[in-house]
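Chain by chain, the residues run as shown.
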Amino acid sequence: MIMAYVLNDDQKPMSGVDVHIVTESGFKGVAKYWDVTGAWLTCDKAINIDDRVKKWKYEDAKIKQ
């Protein structure tokens, strides 16, 4: 099952969980949402500091053996 992206204006992810994001300028990366501050945090170099998150999705977990 592939999860679709959720619009950031409609819903936020669980706090402190890594999610895939797409910014308003079209860059993709990984970030965390912190509900206490209402801010997104990332160390992803593809994301500019002034860019806004447009949509996000959780990663599908797959067991590797």
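Computed from a predicted structure; not experimentally measured.

> Any chance you could break down the overall build of the protein for me, citing the residues and the numbers?
Summing up its helical and strand segments, the protein has zero helices and five strands in all. Burial analysis of the protein (65 residues in total) assigns 23% to the buried set. Once local pairs closer than 6 in sequence are excluded, the contacts in the protein between residues at least 24 apart make up 50%. Approximately 5200 Å² of the protein is accessible, and the part contributed by carbon and sulfur atoms is 55%.

> Provide a residue-level description of the sheet that holds strand E1 (residues 6-7), including the pertinent values.
Here five strands make up an open sheet; going across it, the order is E1-E5-E2-E3-E4 and the pairing antiparallel. Each end of this open sheet is capped by a strand with a single partner; those strands are E1 and strand E4 (39-41). Note that strand E2 (residues 18-23) and strand E3 (residues 28-34) share five bridges and pair antiparallel. Across the sheet, the residue bridging to His20 is Val30, located in E3.

> Explain the pattern of salt bridges to me, using residue names and the numbers behind them.
Under the criterion given, the structure shown has one salt bridge. Its salt-bridge partner being Glu24, residue Arg52 comes within 3.6 Å of it at the nearest N-O pair. Pair noted here: Arg52 is in the loop between E4 and strand E5 (53-57) and Glu24 is in the loop between E2 and E3, with a separation of 28 residues, a long-range link.

> Give a detailed account of the side chain of Thr23, specifying residues and quantitative values.
Looking at the element boundaries, Thr23 is found in strand E2. Residue Thr23 is classed as buried on the basis of its relative accessible area of 2%. Engagement of the side chain of Thr23 in a polar contact is seen with the side chain of Asp51, the distance being 2.7 Å. With sequence-adjacent residues up to four places away left out, Thr23 is seen in contact with Ile47, Asp51, Arg52, Val53 and Lys54.

> Can you break down the packing of aromatic side chains residue by residue, with the values?
In total, this model carries two aromatic pairs according to the counting rule given. Ring geometry for Trp56 and Tyr58: centres 5.0 Å apart, planes at 80°, overall edge-to-face. Trp56 sits in the buried class, given a relative accessible area of 1%. The lysine or arginine in question, Lys55, covers the ring of Tyr5, its NZ or CZ lying 5.0 Å from the ring centre.

Conventions and cut-offs
- Residues numbered from 1 in each chain as written.
- Predicted model: local features only at pLDDT ≥ 70, side-chain atom pairs only at ≥ 80, totals over all residues.
- Heavy atoms only, no water.
- Helix = DSSP H or I, 4+ residues; strand = E, 2+ residues; numbered from the N terminus.
- Buried < 20%, exposed > 50% of the residue type's maximum accessible area, 1.4 Å probe, protein only.
- Contact = heavy atoms within 4.5 Å.
- Areas by Shrake-Rupley, 256 points an atom, 1.4 Å probe, with all protein chains shown as cover.
- Pairing = 2+ DSSP bridges.
- Salt bridge = Lys/Arg side-chain N within 4 Å of Asp/Glu carboxyl O.
- Polar contact = N/O pair within 3.5 Å; in protein donor to acceptor, adjacent residues only side chain to side chain.
- Phe/Tyr/Trp six-rings, centres within 6.5 Å; stacked < 30°, edge-to-face > 60°.
- Lys NZ or Arg CZ within 6 Å of the ring centre and 35° of its normal.

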